[in-house]
Amino acid sequence: MTDSSSVFDIQHPDSDSALLLTVDHASRHIPESYNNLGLQDHSVLARHIAWDIGIEDVTRRLSDKLKATAIYARFSRLLLDANRYPDDPASTPIMSDGVEIPANQEITEAEKTRRVETYFTPYQGAITGLIAKKQEVHEVPLLISMHSFTPVMNEFERPWHIGVLWDRDPRLALPLLKILRENSSLVVGDNEPYSARDPLGYTMNEHGMKRGIPNVAIEIRQDLIDTHQGAEKWATIMADALSRLGPLAPYEPGGQG
């Protein structure tokens, strides 16, 4: 049985802020019993395929600056992706950016279920509990899912420094986009470099959209935050933007943003 403290950790759990930051891909950790999922070249676990490079550092600094609650998954997305629905085959990838993941090639249903029950369910259950705690104090909690993205994908050099990803609820996304774009030195993506609409991320959709809680995913380019200096810069940018958010516009679920 895996101790929940090795599955996730929570920063400022008793914060009275309305804000909850989630970091689904904070860690590249794979338990010793999994023998690095059969990967012979252990250096690939330092690459983006195993985790979101730099985003834990950014989020820990951001959480401290705003005294906001943050939760971090402590397992690699190669073991199990905390932000994908468990029935999605990509939640235990057989291949990631050209790297074959041996232990996932012919994963049994029993092993998949074991990983879901050991890692995914406790982590996502902890998010549910944190949101319930926020709702006791705040009529409208705020959910921000923190991620990072690679500078180059399929030989395309991505121009964006940061992306704001959202689906149908514009309450957080539109004001954040406006605030971030006031800085003319930033290239800010609106549902770039990914769209939050396809595929739907589990965390945003289940905890945000389905509950009517204002939500966005933030994507920051990895080469900007792979040092402590870069992480501090971007934590400051995000803290400034979030602290400038005013009252949120009304939103009726089912409407289109």
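Structure's up top.
Everything quoted here is computed from the prediction, not taken from an experiment. (Residues numbered from 1 in each chain as written. Predicted model: local features only at pLDDT ≥ 70, side-chain atom pairs only at ≥ 80, totals over all residues. Heavy atoms only, no water.)

Turning next to the sheet that holds strand E11 (residues 215–221). By definition, the strands of a sheet pair up through backbone hydrogen bonds, in either a parallel or an antiparallel sense. What the 7 strands build is an open sheet, ordered E1-E3-E2-E6-E11-E9-E10; its pairing is mixed. A single partner strand is all that each edge strand has here, and the edge strands are strand E1 (8–11) and strand E10 (188–190). Strand-to-strand twist of the sheet, defined as the mean angle between neighbouring strand axes without regard to direction, takes the value 20 degrees. Pairing between E1 and strand E3 (residues 69–73): 4 bridges, direction antiparallel. Considered in E3, the bridge of Phe8 is made with Ala73. Sheet strands touched by helix H1 (residues 55–66): E1, strand E2 (19–23), E3, strand E6 (142–149) and E11. Its angle to E3, the strand with the most contacts, is close to 160 degrees. Strands strand E9 (162–165), E10 and E11 of the sheet are contacted by helix H3 (residues 173–181), whose axis makes an angle of about 155 degrees with E10. (Pairing = 2+ DSSP bridges. Helix = DSSP H or I, 4+ residues; strand = E, 2+ residues; numbered from the N terminus. Axes fitted to C-alpha atoms, helices over the stretch in contact; angles between N-to-C directions. Contact = heavy atoms within 4.5 Å.)

Our focus in this paragraph is H1. The end-to-end C-alpha distance of H1 is 16 Å, a good match for the 16 Å that 12 residues give at a rise of 1.5 Å each. Those residues of H1 lying buried are Ile55, Glu56, Val58, Thr59, Leu62 and Ser63. Taken around the axis of H1, the buried residues stretch over an arc of 155 degrees, which confines them to a single face. On its buried side, H1 packs onto E1, E2, E3, E6, E11 and helix H5 (228–243). After H1 finishes, the residue Lys67 shows a positive phi value of roughly 50 degrees. (Expected span 1.5 Å × (residues − 1). Buried < 20%, exposed > 50% of the residue type's maximum accessible area, 1.4 Å probe, protein only. Arc of directions from axis to C-beta.)

Time to look at the packing of aromatic side chains. Tallying each qualifying case throughout the model produces 5 aromatic pairs. Geometrically, the ring pair formed by Phe75 and Tyr119 is tilted, given 5.3 Å between the ring centres and 50 degrees between the ring planes. Of this pair, Phe75 sits in the loop between E3 and strand E4 (95–96) while Tyr119 sits in helix H2 (residues 109–137), and the two are 44 residues apart along the sequence. By relative accessible area, which is 6% here, Tyr119 ends up buried. Taken together, the ring pairs connect Phe75, Tyr119 and Tyr123 into an aromatic cluster. The ring of Tyr72 carries the charged tip of Arg60 above its face, separated from the ring centre by 3.9 Å. (Phe/Tyr/Trp six-rings, centres within 6.5 Å; stacked < 30°, edge-to-face > 60°. Lys NZ or Arg CZ within 6 Å of the ring centre and 35° of its normal.)

In this section: the pairing of E11. Of all the 7 residues making up E11, 7 are buried; the element is thus mostly covered by neighbouring parts of the structure. Because side chains alternate across E11, one face comprises the buried residues Asn215, Ala217, Glu219 and Arg221, and the other comprises Val216, Ile218 and Ile220, equally buried. As judged from the 7 bridges shared by E6 and E11, these two strands associate in the parallel manner. Bridging across to E11, Leu143 finds its partner in Asn215.

So, on to the packing of H1 against H5. Closest axis-to-axis distance for the H1/H5 pair is 8 Å, and the angle between their directions is 45 degrees. If you check the angle between H1 and H5, you find them oblique. Between H1 and H5 lies a crossing whose hand is right-handed. Facing Asp57, Val58, Arg61, Leu62, Lys65 and Leu66 of H1, the residues of H5 in contact are His228, Ala231, Glu232, Trp234, Ala235, Thr236, Met238, Ala239 and Leu242. When its residues are assigned to classes, the contact of H1 with H5 shows 9 nonpolar, 2 polar and 4 charged. (Parallel < 35°, antiparallel > 145°, perpendicular 65-115°, else oblique. Left-handed = near helix turned anticlockwise from the far one by under 90°. Nonpolar A, V, L, I, M, F, W, Y, C, P; charged D, E, K, R; others polar.)

In this fold, Ser96 is placed in strand E4. Take Ser96: its relative accessible area is 16%, and that puts it in the buried class. Aside from chain neighbours lying at most four places away, what touches Ser96 is Ile49 and Leu78.

Another aspect to go through is the packing of H3 against H5. Where H3 contacts H5, the axes come no closer than 9 Å and their chain directions differ by 125 degrees. What the angle tells us is that H3 and H5 run oblique. Once H3 is placed against H5, the crossing between them reads as right-handed. Touching Leu176, Ile179 and Leu180 of H3 are Ile237, Ala241 and Leu242, all from H5. Residues belonging to the contact of H3 with H5 are distributed by class as follows: 6 nonpolar, no polar and no charged.

Let's shift gears to the nonpolar core. Ranked by internal contacts, the top residues of the largest apolar core, which has 37 residues, are Ile144, Met146, Val216, Ile218 and Ile220. Contributions of two or more residues to this core are made by E2, H1, E3, E6, E9, H3, E11 and H5. For this core, the leading source of residues is H5, giving 8 residues. Non-local contacts of Val216, meaning those with residues more than four positions away in its chain, are made with Leu143, Ile144, Ser145, Val164, Leu165, Trp166, Leu172, Ala173, Leu176 and Met204. Residues Tyr34, Leu45, Phe75 and Leu80 belong to the second largest nonpolar core, which totals 33 residues. (Core = buried A, V, L, I, M, F, W, Y, C linked by side-chain atoms within 4.5 Å.)

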